Amino acid sequence: MIITEQDRAACSVHLTEDGRAVEIIDQTRLPNHEVYLTLKELPDLCAAIKSLAVRGAPAIGIFAAYGMYVLSLAETDTDPAAFRRALAEKGAVLSAARPTAVNLSWAVKRMLGVLQAHEAAPVPALRDLLKAEAIAIHDEDIQMCTRISEYGLSLVKAGDGILTHCNAGPLATSRYGTAIGPVLLGKERGIPLKVFSDETRPLLQGARLTSYELQRAGVDVTLICDNMASIVMKNGWVQACFVGCDRVAANGDFANKIGTSGVAILAKHYGIPFYTLGPASTIDLSCPTGADIRIEQRDPEEIKTMWYREPMALPEVKCYNPAFDVTDHRLLTAIVTDRGIVYPPFDVNLKKLFS
Ligand code: MRU
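Residues numbered from 1 in each chain as written. Predicted model: local features only at pLDDT ≥ 70, side-chain atom pairs only at ≥ 80, totals over all residues. Heavy atoms only, no water.

Once that is clear, we can look at the overall build of the chain. In terms of helices and strands, the chain carries 12 helices and 14 strands. In summary, the chain has a C-alpha radius of gyration of 20 Å against a globular reference of 20 Å for 355 residues, a match within 12%. In terms of principal-axis extent, the alpha carbons of the chain reach across some 65 × 50 × 40 Å. The burial tally for the chain puts 56% of its 355 residues in the buried class. For the chain, the exposed area adds up to about 15200 Å²; of that, 54% sits on carbon and sulfur atoms. (Helix = DSSP H or I, 4+ residues; strand = E, 2+ residues; numbered from the N terminus. Rg over C-alpha atoms; globule rule 2.2 N^0.38 Å. Buried < 20%, exposed > 50% of the residue type's maximum accessible area, 1.4 Å probe, protein only. Areas by Shrake-Rupley, 256 points an atom, 1.4 Å probe, with all protein chains shown as cover.)

Structure (structure tokens):
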């Protein structure tokens, strides 16, 4: 697959034309405002990740890779060892911006690995290597999303209803996306699929991002509140659930947007196949089970005040606001990856994927 500069520039995360900063579409402003942010300082890069201006596990990985390159441009030290140390420190700060999606630390590690592998190289050459690695991470994601979309499309037929949760489309990745990829590829190929998009409380990625992406792409999309998934399934409108993932543990348990595990439990009840779709970079074999995945806790104001003209709870009311939950692998029909579709037993078959 040939990937051009234009292909990269069309993605939600890319380098600016002069190659000196990372440009993103600010996902917090969608769907009403298409605002672009140009970032190159470490605090701004971290703030973009924390505020979800850039979000979705693969997109965060691509962003971190470009971010590391852009940070390297500002490093004035000409001693390669000092240059490496400075970037390792900044990489640690960037990695800590969000803990659950493995792609963030994976991409930072991969960028630092380039520096370790070329210890003798002078600083200008190291910068070139970092740029090449960031572009490679981006291009691989485009290729992986394309393959995931092909595999996912093989699991459904024209006219099927797909229920999705959160946003795992192009905004969260590169071309096509993961969970939304089969739908967009199907659209291209004349295989129509209907999508039910959970609004995804509390940050509404399903409403603000998924329904926006699909509507723009001319896909038959119906927005539902999270608590309507059961009736939609009971009505017989859903033939498969496709969701993304932020980290897949070695036993197949996986973290994804809060509410995903509830959808999986409902799907089991109604006998509907439930799939997570993600690139190999989201599989973390060093993490034995879902219990070992650190779950990000977010600001209670996202629940109480963020979307309302007036607060929806007294200021003193306690809130519990985990950004993700873990879906038990026993609820999962298969994991759709760029390397193929993985069926149970996941502890055995995920290992085979990397052997
Ligand atoms: O908090 P978010 O919006 O970054 O959560 C995103 C998800 O849970 C996605 O489903 C996941 O990152 C996969 S995106 C291809």
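Moving on, there is more to tell.
With an omega of 10°, the peptide bond running from Leu30 to Pro31 counts as cis. Assignment of secondary structure puts Pro31 in the loop between strand S2 (22–25) and strand S3 (36–39). Between Arg201 and Pro202 the backbone carries a cis peptide bond, its omega angle lying at 0°. Its location among the elements puts Pro202 in the loop between strand S5 (194–198) and helix H8 (205–216). For Cys166, which is not a glycine, the phi torsion comes out positive at approximately 70°. The class for Cys166 is buried, based on a relative accessible area of 6%.

Residues in contact with the ligand amount to 18 residues; listed here are only the nearest, Arg55, Arg98, Asp246, Asn256 and Lys257. Note that an oxygen atom of the ligand is positioned 2.8 Å from one of the backbone N or O atoms of Ala57. Take Asn256: an N or O atom from its side chain is 2.6 Å from an oxygen atom of the ligand. If the ligand stood free it would expose 410 Å²; the protein chains cover 100% of that surface. Every element with two or more residues in the shell around the ligand is listed here: helix H3 (57–74) and strand S9 (254–257). Along the lines of polarity and charge, the residues of the shell around the ligand split into 7 nonpolar, 7 polar and 4 charged. (Near = heavy atom within 4 Å. Polar contact = N/O pair within 3.5 Å; in protein donor to acceptor, adjacent residues only side chain to side chain. Nonpolar A, V, L, I, M, F, W, Y, C, P; charged D, E, K, R; others polar.)

Across the interface, helix H4 (residues 80–95) lies against helix H5 (residues 102–117) with an axial gap of 10 Å and an inter-helix angle of 175°. Viewed along their axes, H4 and H5 adopt a mutual orientation that is roughly antiparallel. Contacts from Phe83, Arg84, Leu87, Ala88, Gly91, Leu94 and Ser95 in H4 reach Leu104, Ser105, Val108, Leu112, Leu115 and Gln116 in H5. Looking at the contact of H4 with H5 residue by residue, the class counts come to 8 nonpolar, 4 polar and 1 charged. (Axes fitted to C-alpha atoms, helices over the stretch in contact; angles between N-to-C directions. Parallel < 35°, antiparallel > 145°, perpendicular 65-115°, else oblique. Contact = heavy atoms within 4.5 Å.)

Residue position: Ser211 is located in helix H8. Residue Ser211 is classed as buried on the basis of its relative accessible area of 15%. In this structure the side chain of Ser211 is engaged in a polar contact, spanning 2.6 Å, whose partner is the backbone oxygen of Ala207. Apart from residues lying up to four places away in sequence, Ser211 is in contact with Ser197, Gly206 and Val221.

The subject of this paragraph is helix H12 (residues 346–354). Every buried residue of H12 is listed here: Phe346, Asn349, Leu350 and Leu353. Within H12, the buried residues cover an arc of 100° as seen down the axis, which keeps them to one side. With respect to the buried face of H12, the exposed residues turned more than 90 degrees away are Lys351 and Lys352. Taken together, the buried residues of H12 touch strand S8 (247–249), strand S11 (283–284), strand S13 (334–337) and strand S14 (340–342). (Arc of directions from axis to C-beta.)

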